[in-house]
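Each chain, written out:
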Amino acid sequence: QMIGRVSRKTEADSLAFVNAFNKIAKEKGLSSAEDLKPYFFADTYQFFWTVKPEEFFGKFEKDYQEFWTADRIAKEKKLGLTRNQVYALASIVYKESGGKPDEQETIAGLYLNRYKKGMKLQSDPTVIYAINKQENFKTDIKRVLYKHLSIASPYNTYKNAGIPPGPICVVDKMSVDAVLNAKNHNYIYMCANPKKLGYHKFTASDVEHAQNAKEYQEWLNSKNITK
């Protein structure tokens, strides 16, 4: 998706970017360009239209290296997570928060609580990603239904315990920092808040969560959002 947008503005076409990124990924011991997601941060950047794919990636790799300061590396080690796990969690936080920073540290703390308890993360965006990955990112899902939860994919956190094998999207720096600075609380449930769109209700009670989920489902039905 990113390559498609970038190649429309540059001299090099999308195939040149894919081939270059696949080569870079292999040199780093990765499978394909898809595995380079952690090197990119969502933001606004300026490039000359003649930029070569290798130069393009080089800018992001430099930014990545500068981001991982000694302080951030120390926080990463304290969490006991691998770099890939940090980015995978950050991508869930980014998607769940809609990219807004307000709740990100709270959301990060919630998913870390679930992970430490051995609970499944049960994040809807991971299911959406799993479906899109299988269908070449051509599906627009606005509501995750029970039928979606059974998709066989290592990214489906409703079927698999633990952190997904990699990030489900390109994240911003705030989302990574939210994981590294996750809030310490006892929340293990969250549900979209229909009275404050874009935000969530958090709780440690399964009974309270069931009520929150019922209210949100009723709101979706009232808006005829069925898929």
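Structure's up top.
## A word on the environment of Asn136
- Considering the arrangement of structural elements, one finds Asn136 in the loop between α7 (124-134) and α8 (173-180).
- According to the relative accessible area criterion, Asn136 is exposed, its value standing at 52%.
- For the pair Asn136 and Gln1, spaced 135 residues apart in the sequence, the C-alpha separation amounts to 10.0 Å.

## With respect to the packing of aromatic side chains
- Per the stated rule, a full pass over the model turns up 22 aromatic pairs.
- Taken together, a centroid distance of 6.4 Å and an interplanar angle of 35 degrees make the contact between Phe41 and Tyr87 tilted. You can see Phe41 sitting in the loop between α2 (14-27) and α3 (53-67) and its partner Tyr87 sitting in helix α5 (residues 83-97), a full 46 residues away along the chain.
- Judged by its relative accessible area of 1%, Tyr87 falls in the buried class.
- Arranged with centres 5.9 Å apart and planes meeting at 15 degrees, the rings of Tyr216 and Trp219 form a pair that is stacked. Residue Tyr216 and its partner Trp219 are located together in helix α9 (residues 206-222), separated by three residues, close to a single helical turn.
- Relative accessible area serves as the criterion here: at 21%, Trp219 is assigned to the partly exposed category.

Parameters at a glance
Residues numbered from 1 in each chain as written. Predicted model: local features only at pLDDT ≥ 70, side-chain atom pairs only at ≥ 80, totals over all residues. Heavy atoms only, no water. Helix = DSSP H or I, 4+ residues; strand = E, 2+ residues; numbered from the N terminus. Buried < 20%, exposed > 50% of the residue type's maximum accessible area, 1.4 Å probe, protein only. Phe/Tyr/Trp six-rings, centres within 6.5 Å; stacked < 30°, edge-to-face > 60°.

Purely geometric numbers; function is a separate question.
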